[in-house]
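Results of the structural survey
The primary structure of each chain is shown beneath.
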Amino acid sequence: MSQDDLTSDPETPLNTDTSGTIKTGESRPSWDVYFLEITEQVAKRSTCLRRKVGALLAKDKRILATGYNGAPVGLRHCSEVGCLREDREIASGEHHELCRGLHAEQNAIIQAALHGIKIQEATIYTTHQPCVLCAKMLVNAGIKRIVYRDSYPDQLAESILREAKTKLVHFKE
């Protein structure tokens, strides 16, 4: 069964009342909505001062791993020591290497590897469109579909994903 067979139509809106609660006996959220909403919670763990990003790897309707952006294990967080990128006035999308943190997508891949979880053919859900560094890692990890909420304009990342035939889906509610 393909991933497309397992993911409900992301265009199907949640059937909720004004408080955002799903009405009893009504339709449930699609798998895309469900997993994207979880990435919002994951992103809340981020210690980045610039942007809170969450990622979730899923396959066969199951969560494989999650990740958020922040400093490597055991190192002080940017919230404690400040932001190197802010201090040096580095623009978003430039000089990714000048940052203490790892990206959410990178951390999700690392968590899966640490726990021996195969992620080939999985879908990654992210709060933000992957940058070029993450796009290359996702291609090499065998991720076949990327669903994201917020744009992060990176033409090289888009080009690499297109060439690799990795589906890039911008989810709009």
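Summarised in this report is the structure supplied together with it. Remember, predicted model here, so these are calculated numbers, not experimental data. (Residues numbered from 1 in each chain as written. Predicted model: local features only at pLDDT ≥ 70, side-chain atom pairs only at ≥ 80, totals over all residues. Heavy atoms only, no water.)

This part is about empty space enclosed by the protein. By the definition in use, this model includes one cavity of 30 Å³ or more. Space inside the largest cavity adds up to approximately 30 Å³. Lining the largest cavity we find Cys 78, Cys 83, Leu 84, Cys 99 and Arg 100. (1 Å grid on protein atoms, 1.4 Å probe; cavity = no way out; pocket = protein on both sides within 12 Å on 5 of 7 lines; lining within 4 Å. Points joined across faces, edges and corners; volume = space filled by probe spheres on them.)

What follows covers the layout of surface pockets. Here the largest pocket is characterised by a volume of approximately 410 Å³. Across the lining of the largest pocket, the residue classes break down as eleven nonpolar, nine polar and four charged. Its volume calculated, the second largest pocket comes out at about 280 Å³. Ranked by the residues each element gives to the lining of the second largest pocket, the list is headed by helix α5 (residues 104-114), at four residues. Per-class residue counts for the lining of the second largest pocket are eight nonpolar, eight polar and no charged. (Nonpolar A, V, L, I, M, F, W, Y, C, P; charged D, E, K, R; others polar. Helix = DSSP H or I, 4+ residues; strand = E, 2+ residues; numbered from the N terminus.)

Turning next to the side chain of Glu 105. Looking at the secondary structure, you find Glu 105 in helix α5. Here Glu 105 occupies a buried position and makes no salt bridge, while the nearest side chain of opposite charge, Arg 51, is found at 9.6 Å. Beyond its immediate sequence surroundings of up to four residues, Glu 105 is in contact with Ala 55, Ile 124, Thr 126, His 128, Gln 129, Pro 130, Cys 134 and Leu 138. (Buried < 20%, exposed > 50% of the residue type's maximum accessible area, 1.4 Å probe, protein only. Lys, Arg positive; Asp, Glu negative; His and termini not counted. Salt bridge = Lys/Arg side-chain N within 4 Å of Asp/Glu carboxyl O. Contact = heavy atoms within 4.5 Å.)

Another aspect to go through is the packing of aromatic side chains. Within a pair of aromatic rings, the relevant descriptors are the distance that separates the centres and the angle that separates the planes. One pass over the structure, following the stated rule, counts four aromatic pairs. With centroids separated by 5.6 Å and ring planes inclined at 85°, the aromatic side chains of Trp 31 and Tyr 34 adopt a geometry described as edge-to-face. Placement of the pair is Trp 31 and Tyr 34 together in helix α2 (residues 31-43), with a separation of three residues, close to one helical turn. Overall, the relative accessible area of 23% leaves Trp 31 in the partly exposed class. (Phe/Tyr/Trp six-rings, centres within 6.5 Å; stacked < 30°, edge-to-face > 60°.)

Moving on, we come to the nonpolar core. By size, the foremost hydrophobic cluster in this structure holds 20 residues, and its most contacted members are Leu 57, Ile 119, Ile 124, Leu 138, Ile 143 and Ile 146. With four residues, the single largest contributor to this core is α5. Beyond its immediate stretch of four places on either side in the chain, Ile 146 contacts Ile 124, Pro 130, Leu 138, Leu 161, Thr 166, Lys 167, Leu 168 and Val 169. (Core = buried A, V, L, I, M, F, W, Y, C linked by side-chain atoms within 4.5 Å.)

In this section: unusual backbone geometry. Generally, phi is negative for residues other than glycine and the peptide bonds are trans, each holding for most cases. A positive phi angle, close to 55°, is found at Glu 89, a residue other than glycine. Structurally, Glu 89 can be placed in the loop between α4 (84-87) and α5. Of the residues examined, Glu 89 reaches a relative accessible area of 72% and is grouped as exposed. Here Glu 121, not a glycine, exhibits a phi torsion of approximately 75°, which is positive. Mapped onto the secondary structure, Glu 121 falls in the loop between α5 and β3 (123-128).

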